[in-house]
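Given next are the chains, with one letter for each unit.
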Amino acid sequence: MSNTSNEKAEKGSKFWVQKIVNENPYTEKFQEIFGAKLIFLSPLASEFFKEYQLRESKIFSNVLGLTKVEFENKFSFWAKNQPHWDAIATSADGKILYLFEAKAHLKELQSKLSATNKNSIEKIKNSMQKVFEKISTGADFQSWIKKYYQLGNRFTFLFNMNQMNFPKIQRTILILLNIIEDQTYIQTSQKEWQQHYEKVFLEMTGKNFPPENVKIIYFAGKV
């Protein structure tokens, strides 16, 4: 999901994330699928569905337990403009941070690096290359930059965060939330999602399964 405007959505992954986070029947259904209770921090209806970067005080201070200076030091591996996460949640005990990337159809997985600042581009590529070399075998790094950039930068944040020590959280998990049979937009079956992810992971990592600390969830898009 790439539209980060703070507004109520009418279709697609943004619509379903807002339902899951803010409406009890959908929240309960998601948590039943997920297998645990989550405390959602965004996108909240009370905050006009704002999607957060980690660099905002609500997250780096309240959730990670960092000062602004500590945050800037730890996250110096990335450019100033960080990803906006489709949803952010913690476990009930606050020890696990969940970062969400939501998709409603297959083409949403495709993206390429679009930064224009040379220093930012160099920093982003260097950080992604380091993670690529850690988690990939026999894959092509260009797929991270030119084909699945958004997923590649999420993997980069996930890997780096799980190498850090935070005062509050102990682990970070990336949730790939995929809407199946979306009645509001483009319908995609669970089988189509599964086959597509196997192909994507193979291109990105040389393996047809998700990297460590990545969890895939399928949610039926039925109003």
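Everything discussed here concerns the structure shown above.
Just so it is clear, the structure is predicted and the values come from calculations on it, not from any experiment. (Residues numbered from 1 in each chain as written. Predicted model: local features only at pLDDT ≥ 70, side-chain atom pairs only at ≥ 80, totals over all residues. Heavy atoms only, no water.)

## Describing the overall build of the protein chain
For step 1, the next point in the chain: Each helix and strand in the protein chain was counted, giving eight helices and five strands.
For step 2, the next point in the chain: Listing every helix and strand of the protein chain by position from the N terminus yields α-α-β-α-α-β-β-α-α-α-β-α-β.
For step 3, the next point in the chain: Against the globule reference of 17 Å for 223 residues, the protein chain gives a C-alpha radius of gyration of 17 Å, in line with a compact fold.
For step 4, the next point in the chain: The principal-axis extents of the C-alpha atoms in the protein chain amount to approximately 45 × 40 × 30 Å. (Helix = DSSP H or I, 4+ residues; strand = E, 2+ residues; numbered from the N terminus. Rg over C-alpha atoms; globule rule 2.2 N^0.38 Å.)

## Some remarks on the sheet that holds strand β5 (residues 214-220)
For step 1, the next point in the chain: An order of β1-β2-β3-β4-β5 is seen for the five strands of this open sheet, with the pairing classed as mixed. Pairing within the sheet leaves two strands with one partner each, and these edge strands are β1 (38-42) and β5. The average angle at which neighbouring strand axes cross in this sheet is 30°, direction not considered.
For step 2, the next point in the chain: Sitting on the sheet, helix α1 (residues 12-22) touches β1, β2 (87-91), β3 (96-103), β4 (171-180) and β5, and the angle it makes with β4 is about 120°.
For step 3, the next point in the chain: The strands touched by helix α8 (residues 190-205) within the sheet are β3, β4 and β5, with β4 carrying the most contacts at an inclination of about 135°. (Pairing = 2+ DSSP bridges. Axes fitted to C-alpha atoms, helices over the stretch in contact; angles between N-to-C directions. Contact = heavy atoms within 4.5 Å.)

## As for the packing of helix α7 (residues 149-161) against α8
For step 1, the next point in the chain: Viewed as axis vectors pointing N to C, α7 and α8 meet at an angle of 65°, and their least axial separation amounts to 12 Å. Considering how the two elements wind past one another, α7 and α8 form a crossing that is right-handed. Contacts from Leu151, Gly152 and Phe155 of α7 reach α8 at Val200, Phe201 and Met204.
For step 2, the next point in the chain: Split into classes, the residues belonging to the contact of α7 with α8 amount to five nonpolar, one polar and no charged. (Left-handed = near helix turned anticlockwise from the far one by under 90°. Nonpolar A, V, L, I, M, F, W, Y, C, P; charged D, E, K, R; others polar.)

## Things to note about the layout of surface pockets
For step 1, the next point in the chain: What the second largest pocket holds in volume is close to 250 Å³.
For step 2, the next point in the chain: When contributions to the lining of the second largest pocket are tallied by element, the ones reaching two or more residues are α5 (118-135) and α7. (1 Å grid on protein atoms, 1.4 Å probe; cavity = no way out; pocket = protein on both sides within 12 Å on 5 of 7 lines; lining within 4 Å. Points joined across faces, edges and corners; volume = space filled by probe spheres on them.)

## Here we look at the environment of Ile39
For step 1, the next point in the chain: On the secondary structure map, Ile39 appears in strand β1.
For step 2, the next point in the chain: A relative accessible area of 35% places Ile39 in the partly exposed class.
For step 3, the next point in the chain: For the pair Ile39 and Tyr98, spaced 59 residues apart in sequence, the C-alpha separation works out to 9.5 Å.
For step 4, the next point in the chain: Residues contacting Ile39, with those up to four places away along its chain left out, are Ile88, Ala89, Thr90, Ser91 and Ala92. (Buried < 20%, exposed > 50% of the residue type's maximum accessible area, 1.4 Å probe, protein only.)

## Describing the pattern of salt bridges
For step 1, the next point in the chain: Considering all chains together, one arrives at nine salt bridges under this definition.
For step 2, the next point in the chain: Across the pair Glu101 and Arg154 runs a salt bridge, and its minimum N-O distance is 2.9 Å. Here Arg154 lies in helix α7 and Glu101 lies in strand β3, a separation of 53 residues in the sequence.
For step 3, the next point in the chain: Under the relative-accessibility criterion, Glu101 is labelled buried at 2%.
For step 4, the next point in the chain: Of the residues examined, Arg154 reaches a relative accessible area of 4% and is grouped as buried.
For step 5, the next point in the chain: In this structure, Glu203 and Lys199 form a salt bridge, with 2.8 Å as the shortest nitrogen-oxygen distance. Of this pair, Glu203 and Lys199 both sit in helix α8, separated by four residues, roughly a single helical turn.
For step 6, the next point in the chain: You can call Glu203 partly exposed: its relative accessible area is 24%.
For step 7, the next point in the chain: For Lys199, a relative accessible area of 41% gives the class partly exposed.
For step 8, the next point in the chain: Residues participating in the shared-partner salt-bridge network are Glu101, Lys103 and Arg154. (Salt bridge = Lys/Arg side-chain N within 4 Å of Asp/Glu carboxyl O.)

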